[in-house]
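# What the coordinates show
Residues per chain, in single letters:
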Amino acid sequence: MSFPKSFTWGAAAASYQIEGAAKQGGRGPDVWDMLCREPGRIEDGHNGDVGTDHYNRLEGDLDLFQQIGLQAYRFSISWTRILPEGVGRVNEIGLDFYDRLVDGMLARNITPWATLFHWDYPLALYCRGGWLNRNSIDWFAEYTQVVTERLGDRVQNWMTQNEPQCFVGLGHGGGGHAPGLKYHWPELLRTAHHALVAHGESVKIIRANCPQSHIGAAPVACVSLPETESAEDIRAAYEATFSVTDKTLWKTHLFADPMVLGHYPDDALKVFAEDLEGTILDGDMERIHQPLDFFGFNIYNGQRVKAGPDGKAVSVTATPGHPATTMHWRVEPTCMYWATKWFHERYKLPVVITENGLANNDWVHLDGKVHDPQRIDFTHRYLLELHRAIEDGAQVDAYFHWSVMDNFEWALGYNRRFGLIHVDYGTLVRTLKESAHWYRGVIESNGEALLGRV
Ligand code: GCO
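Bear in mind the structure is a predicted one, so any value in this text is a computation, not a measurement.

### Overview of the site of the ligand
Neighbouring the ligand are 13 residues, the closest being Q17, N162, E163, E355 and E409. Separating an oxygen atom of the ligand from a side-chain N or O atom of N162 is a distance of 2.8 Å. E355 places a side-chain nitrogen or oxygen 2.6 Å from an oxygen atom of the ligand. Relative to its unbound accessible area of 320 Å², the ligand is 95% covered by the protein chains. Per-class residue counts for the shell around the ligand are 6 nonpolar, 4 polar and 3 charged.

Right, here's the structure in full:
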């Protein structure tokens, strides 16, 4: 069996992580600018002021994307390039930039996939309470309106928000990401709930402004993996993935069930009963529950479990020396299989892998090339598991490698390299890594190269 003929092969990046030009073109400040200013927050004091300078190197970068043979590129829009104060005044220069980006892609036969919010929240709105303020639903709607009115004639593929688990959990709970808050559960859940209602309202606006729209979101995949393929281990892993037994936001379905099924998981409502008091208003669940065209998710790894004596999942500790990336995330290719299979069965929507990849210890070698065999092997293994899910009946429409180029890895600054394209941050020179050339072969053969058939 092959990858579907219509399968889309792409790569992804996000505005704050690559654009730079923080003070150029009328862009307003966002919460990541704020966090980066605070000493000790970002490794080595890095910030996104320059990024990879993608804003100023747009055409050259698009040429490189074309060299890789990308059929699609998932990018995100910087809210404050469009609305410097978050709402109100529209900055035409910002809209022009995304016009050029989209037109440049289309001219090169690269299909645009736009994410409205990949974490760079307007500082001006943060000062008014940010996502904790219920008005944030209307603010996000206004932003969606401005963007889709302008780009909706050319962009069909939309994702509302990237990884709410992270911008809520890490940004407002753990405090390690912007805006760096440590809310307690009632405020944290309110933040999450407002983001979800904002998602639903945004879907309606996209639908109204883009006649051909194809809409989803990009939550993070949190999956438990069966240690063996015994029926007991699989059942235990499934239950661990889709149950909420203690207070946590690290569950995909906590955010995806409301979006796709129209309700929070029952066990989560019990666990969080007191914390949720006053947060969910009449009509909210209907507002969140808007028809989606695909189920997107970002996937990197999973936690291995096996069935304990009572059938419930118990964690399996890794063998010492188990392969890991420079994020210290374990290489677990089967997460791709189980997540794809389970999310497809649960949500009955075509799946899109909105992010998958690894951070690796890459540099330019003496021969001028960037040899990154780990990235090739990692991606090969994960894509074989994606293929296995397709063989088992999951409809999968697209795969986006994270990332198209090295970039600002949030609180870790520039110290992790996820790209298919290497960026020298001293000179901003770009070099296609060996994996980029390899990926080109995968794309050209529509995945047959992965299966050893070309
Ligand atoms: C995320 C974001 C990306 C990250 C990537 C690697 O998942 O955190 O979507 O912006 O850079 O996932 O951590």
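After that view, the rundown keeps rolling.
### A few points about the pattern of salt bridges
Tallied over the full model, the rule gives 36 salt bridges. Among the ionic pairs, R27 bridges to D30, the shortest N-O distance being 2.8 Å. Owing to a relative accessible area of 10%, R27 belongs among the buried residues under this scheme. According to the relative accessible area criterion, D30 is buried, its value standing at 0%. Between E355 and R74 there is a salt bridge, with the nearest N and O atoms lying 3.1 Å from each other. Placement of E355 in strand β10 (residues 351-355) and of R74 in strand β2 (residues 72-76) is noted, with a sequence separation of 281 residues between them. Among the residues examined, E355 registers a relative accessible area of 4% and is labelled buried.

Cut-offs applied
- Chains are numbered independently. Their residues run from 1 in the order of the written sequence.
- Where local features are concerned, this predicted model is filtered to residues with pLDDT of at least 70; where side-chain atom pairs are given and counted, the filter is 80 or more; whole-chain, interface and lining totals use all residues.
- Heavy atoms throughout the structure, all of them, feed into the side-chain values; hydrogens and water do not.
- Each residue is tested against the molecule or strand, and it is near if at least one of its non-hydrogen atoms lies within 4 Å.
- Whenever a nitrogen or oxygen atom comes within 3.5 Å of another N or O atom, the pair is scored as a polar contact, on the condition that within protein one atom can donate a hydrogen and the other can accept it, and that pairs from neighbouring residues in sequence are kept only if both atoms are in side chains.
- Areas reported as accessible are Shrake-Rupley estimates using a 1.4 Å probe. Residue values count occlusion only from the protein chains shown.
- In this classification, the charged set is Asp, Glu, Lys and Arg, the nonpolar set is Ala, Val, Leu, Ile, Met, Phe, Trp, Tyr, Cys and Pro, and all remaining amino acids, among them Gly, are polar.
- Here a salt bridge means any side-chain nitrogen of Lys or Arg lying within 4 Å of a carboxyl oxygen belonging to Asp or Glu.
- When a residue's accessible area, from a 1.4 Å probe over protein chains only, is under 20% of the maximum for its type it is buried; when over 50% it is exposed; and in between it is partly exposed.
- Labels follow the DSSP assignment, with helices taken as runs of H or I lasting at least four residues and strands as runs of E lasting at least two, numbered in each case from the N terminus.

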